Amino acid sequence: MRNLNRVTLIGRLGKDPELQRFESGAVKVTFSLATSESYMDREGIRREITEWHNIVMWRKLAEIAEQYLRKGNLVFLEGKLRTRSWDDQQGNKRYITEIECNNMIMLGGNRTDEARPNTGAGAAVAAPTAQVVESTPEHTDEVDDLPF
């Protein structure tokens, strides 16, 4: 069997994407993404656990994310885990694990600011070619009705 490094997330942006342009012409965008799950504890109180993920996008997908995504937007992301290391100013080895995203679907607006640009539900951006694909979900209002 072959190896597989694949990550699939649905979450909300924790901050606006930050764009970097390099001398080589490469474009990179980074932002944080929050994924949450809730459960009932032993006392019957609903608890929520939030995980924060570091997201990295490159090239055209990065430009699209910087243009359309804002803090609070709900997105579907696919990519792979990447861990990189560097030495900080004190000479200590530092590590960070990121999701290098190669596919994004903008699922909807922002909880706090609907006036910002967004392509709305059903707009998908495919990986490296960054094409926009139109699709209409059949049950968009039932997304939060999952049994788990």
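To keep things clear, this report deals only with the structure shown in the data block. (Residues numbered from 1 in each chain as written. Predicted model: local features only at pLDDT ≥ 70, side-chain atom pairs only at ≥ 80, totals over all residues. Heavy atoms only, no water.)

**What to know about the nonpolar core**
Within the largest apolar cluster, 20 residues are counted, with the highest numbers of intra-cluster contacts made by F31, L33, I55, M57, L69, L77 and M104. Within the residue set of this core, elements represented by two or more residues are strand 1 (7–13), strand 3 (27–40), strand 4 (46–58), helix 1 (59–68), strand 5 (73–87) and strand 6 (93–110). Those residues in contact with L69 that sit more than four places away from it in its chain are L13, P17, F31, I64, V75, M104 and M106. (Core = buried A, V, L, I, M, F, W, Y, C linked by side-chain atoms within 4.5 Å. Buried < 20%, exposed > 50% of the residue type's maximum accessible area, 1.4 Å probe, protein only. Helix = DSSP H or I, 4+ residues; strand = E, 2+ residues; numbered from the N terminus. Contact = heavy atoms within 4.5 Å.)

**Some points on the pattern of salt bridges**
Side-chain pairing between opposite charges can occur once the charged atoms of the two side chains come close. For the structure on display, the rule yields eight salt bridges. Across the salt bridge formed by K15 and E18, the nearest N and O atoms sit 3.3 Å from each other. Classification of K15 as partly exposed rests on a relative accessible area of 32%. Of the residues examined, E18 reaches a relative accessible area of 42% and is grouped as partly exposed. (Salt bridge = Lys/Arg side-chain N within 4 Å of Asp/Glu carboxyl O.)

**A look at the environment of L33**
Within the fold, L33 resides in strand 3. Judged by its relative accessible area of 0%, L33 falls in the buried class. With near-sequence residues (within four places) excluded, L33 lies in contact with L9, G11, R12, L13, G14, E51, W52, H53, I55, V75 and L77.

**Notes on the side chain of T35**
Mapped onto the fold, T35 is located in strand 3. At a separation of 2.8 Å, a polar atom in the side chain of T35 contacts the side chain of H53. Those residues in contact with T35, other than ones at most four positions away along the chain, are L9, I10, G11, I49, T50, E51 and H53. (Polar contact = N/O pair within 3.5 Å; in protein donor to acceptor, adjacent residues only side chain to side chain.)

**Here we look at the side chain of D88**
You can see D88 is positioned in the loop between strand 5 and strand 6. Judged by its relative accessible area of 15%, D88 falls in the buried class. Here N92 takes part through its backbone nitrogen, which lies 2.8 Å from a polar atom of the side chain of D88. Separated by 3.0 Å, the side chains of D88 and R94 make a polar contact.

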